Amino acid sequence: LGMPDVPAKLADRRVSRKIQVGTVAVGGDAPVSVQSMTTTRTSDIGSTLQQIAELTASGCQIVRVACPTQDDADALATIARKSQIPVIADIHFQPKYVFQAIDAGCAAVRVNPGNIKQFDDKVKEIAHAASASGTPIRIGVNAGSLDKRLLERYGKATPEALVESALWECSLFEEHGFRDIKISVKHNDPVVMVNAYRLLAQRCDYPLHLGVTEAGPAFQGTIKSAVAFGALLSEGIGDTIRVSLSAPPAEEVKVGIQILESLGLRQRGLEIVSCPSCGRAQVDVYKLADEVTAGLEGMDVPLRVAVMGCVVNGPGEAREADLGVASGNGKGQIFVKGEVIKTVPEAKIVETLIDEAMKIAEQMERDGVTS
Ligand code: SF4
């Protein structure tokens, strides 16, 4: 068995400074990381930790928790200590929660200093506390909460307005020598968002957190995020991503990981190459692909499995994959590493593929190949 393919590269990565969010490096040459945000009340420590555990299991690398009340801020220390992945406290308006999050050992804090500028010396104190503890800060500008001055000047949340706002927020920290920052400039319109990040990428060297905000329910949000992140990441822009969906956060992580795998920015895990089916199909390809996907779920190896409906493209794709089936005449030709190893009746295709996949996975694990 050979090593998995190393995917072709799209573009050189934009050069950004590297920051350290707990155990996860963001920016520089660090791999693009996947984040999500809990939907529980942060003050409900048990439920929040439960959701973080689920997110961790789905591959989430950094998690953000909202911190709108004192009870939430009080929960941060336990959550930060017990979470297996770095926790970012998301804070608006309340400088005292920022200090509490830093003391609690949160891996980073999301706060916009513009929000707390009315307590002018607080920005300086935050910069000093964050610097002393090595806690990075994410400045997150969202179209929906754009500064009034900029809204008046630009008329709406244009890419220029979002970028100007973000850089102004950064300058409030830079005045105090603090540059341990990453930035997001989110918009619900992928076109505005892509242009905002492109502009921001030219204007600073901070690592960038990509997000399409309020992207919508799972289907629409997945597409918007995939299109926008795909455009930016293919230009080398983006250091960490969060897919925002009106869906359980583990779904966001699944989508995020799939986007990175599709772009070759991450070792592909299990990949099902299945044909769309057409009038030539001699088996129910959808059912077959669903059953094979379900049977192989959770397999932690970079395995490409081809499920093809007929002999037109079937043998070609099946031969290219680690494992595959080309169906025809109520039978399936089973390919392993390009060779037909057997032909089985249609009813046996799924179980044969799963059996063979297990054998290949065991061999890969023995060889130390995991995704
Ligand atoms: Fe149609 Fe066969 Fe191609 Fe599937 S492999 S789309 S059934 S021609």
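Residues numbered from 1 in each chain as written. Predicted model: local features only at pLDDT ≥ 70, side-chain atom pairs only at ≥ 80, totals over all residues. Heavy atoms only, no water.

With that out of the way, let us pick up the packing of aromatic side chains. Counting across every chain of the model gives one aromatic pair. The side chain of Arg149 reaches across the aromatic face of Trp168, ending 5.0 Å from its centre. (Phe/Tyr/Trp six-rings, centres within 6.5 Å; stacked < 30°, edge-to-face > 60°. Lys NZ or Arg CZ within 6 Å of the ring centre and 35° of its normal.)

A few words now on the UniProt feature "binding site: [4Fe-4S] cluster" (unreviewed entry) in the protein chain. Using the residue numbers shown here, the UniProt feature "binding site: [4Fe-4S] cluster" (unreviewed entry) corresponds to Cys275, Cys278, Cys310 and Glu317. With respect to the secondary-structure elements, Cys275 resides in the loop between strand S11 (271-274) and helix H10 (285-296). Here Cys275 falls in the buried class, since its relative accessible area comes to 18%. Those residues in contact with Cys275 that sit more than four places away from it in its chain are Val285, Val307, Met308 and Gly309. Structurally, the position occupied by Glu317 is in helix H11 (residues 314-320). Of the residues examined, Glu317 reaches a relative accessible area of 31% and is grouped as partly exposed. If sequence neighbours within four positions are ignored, Glu317 has contacts with Val273, Ala306 and Met308. (UniProt positions renumbered as here; feature names shortened; annotations may be inferred. Helix = DSSP H or I, 4+ residues; strand = E, 2+ residues; numbered from the N terminus. Buried < 20%, exposed > 50% of the residue type's maximum accessible area, 1.4 Å probe, protein only. Contact = heavy atoms within 4.5 Å.)

Take the site of the ligand next. Within the structure, the ligand sits among Cys275, Pro276, Ser277, Cys278, Arg280, Ala281, Met308, Gly309, Cys310, Val312 and Asn313. A breakdown of the residues in the shell around the ligand according to their chemical character gives seven nonpolar, three polar and one charged. (Near = heavy atom within 4 Å. Nonpolar A, V, L, I, M, F, W, Y, C, P; charged D, E, K, R; others polar.)

Below, the discussion takes up helix H8 (residues 218-234). Compared with the 24 Å implied by 1.5 Å per residue over 17 residues, the 23 Å span of H8 between its first and last C-alpha is a close match. Against helix H7 (190-203), strand S9 (209-210), strand S10 (240-242) and helix H9 (249-262) lie the buried residues of H8. Just past H8, the residue Gly236 takes up positive phi, approximately 85 degrees. (Expected span 1.5 Å × (residues − 1).)

Strand pairing in a sheet relies on backbone hydrogen bonds. The paired strands run either parallel or antiparallel. Strand order across the open sheet formed by eight strands is S8-S7-S6-S5-S4-S3-S10-S9, with parallel pairing between neighbours. Of all strands in the sheet, those with a lone pairing partner are strand S8 (181-186) and S9, marking the two edges. Inspection of the sheet shows strand S3 (residues 33-37) paired to strand S4 (residues 62-66) by three bridges, in the parallel sense. Residue Gln35 lies in a different strand from S4, and its bridge partner there is Ile62. Relative to the sheet, helix H1 (residues 45-57) contacts S3, S4 and strand S5 (87-90), its axis offset from that of S4 by approximately 155 degrees. (Pairing = 2+ DSSP bridges. Axes fitted to C-alpha atoms, helices over the stretch in contact; angles between N-to-C directions.)

Next up on the list: the packing of helix H2 (residues 70-82) against helix H3 (residues 95-103). Running from N to C, H2 and H3 point in directions that differ by 15 degrees, and their axes come no closer than 8 Å. With respect to each other, H2 and H3 are oriented roughly parallel. Considering only the axes of H2 and H3, their crossing is right-handed. Side by side, H2 and H3 meet where Gln70, Ala73, Asp74 and Leu76 of the first sit next to Lys96, Tyr97, Gln100 and Ala101 of the second. Its residues assigned to classes, the contact of H2 with H3 comprises four nonpolar, two polar and two charged. (Parallel < 35°, antiparallel > 145°, perpendicular 65-115°, else oblique. Left-handed = near helix turned anticlockwise from the far one by under 90°.)

What follows covers the confidence of the model for the protein chain. With 96% of its residues at a pLDDT of at least 70, the protein chain reaches an overall mean of 91. If you check the scores for this complex, the pTM reads 0.86 and the ipTM reads 0.97. (pLDDT = per-residue confidence, 0-100.)

So, about unusual backbone geometry. Notably, Phe93 is not glycine yet its phi reads approximately 70 degrees, a positive angle. By the element assignment, Phe93 lies in the loop between S5 and H3. Classification of Phe93 by relative accessible area gives exposed; the value is 52%. Phi at Asn329 takes a positive value of approximately 55 degrees, unusual for a residue other than glycine. Tracing the backbone shows Asn329 in the loop between strand S13 (323-328) and strand S14 (331-336).

A few words on the pairing of S4. Taken across its five residues, S4 has four buried, putting it largely inside the fold. The parallel pair S3 and S4, bridged by H1, forms a crossover whose chirality is right-handed. Bridging between S4 and S5 involves four bridges; their strand directions are parallel. Residue pairing for S5: Val63 is matched across the bridge by Val87. (Right-handed = clockwise from strand over helix to strand, strands pointing away.)

Moving on, we come to the packing of H1 against H2. Direction vectors running N to C along H1 and H2 enclose 30 degrees, while the axes themselves pass 10 Å from each other. If you check the angle between H1 and H2, you find them roughly parallel. Of the two possible hands of crossing, H1 and H2 adopt the one that is right-handed. Every residue of H2 that contacts H1 at Ile45, Thr48, Leu49 and Ile52 is listed here: Ala75, Thr78, Ile79 and Lys82. Classifying every residue of the contact of H1 with H2 gives five nonpolar, two polar and one charged.

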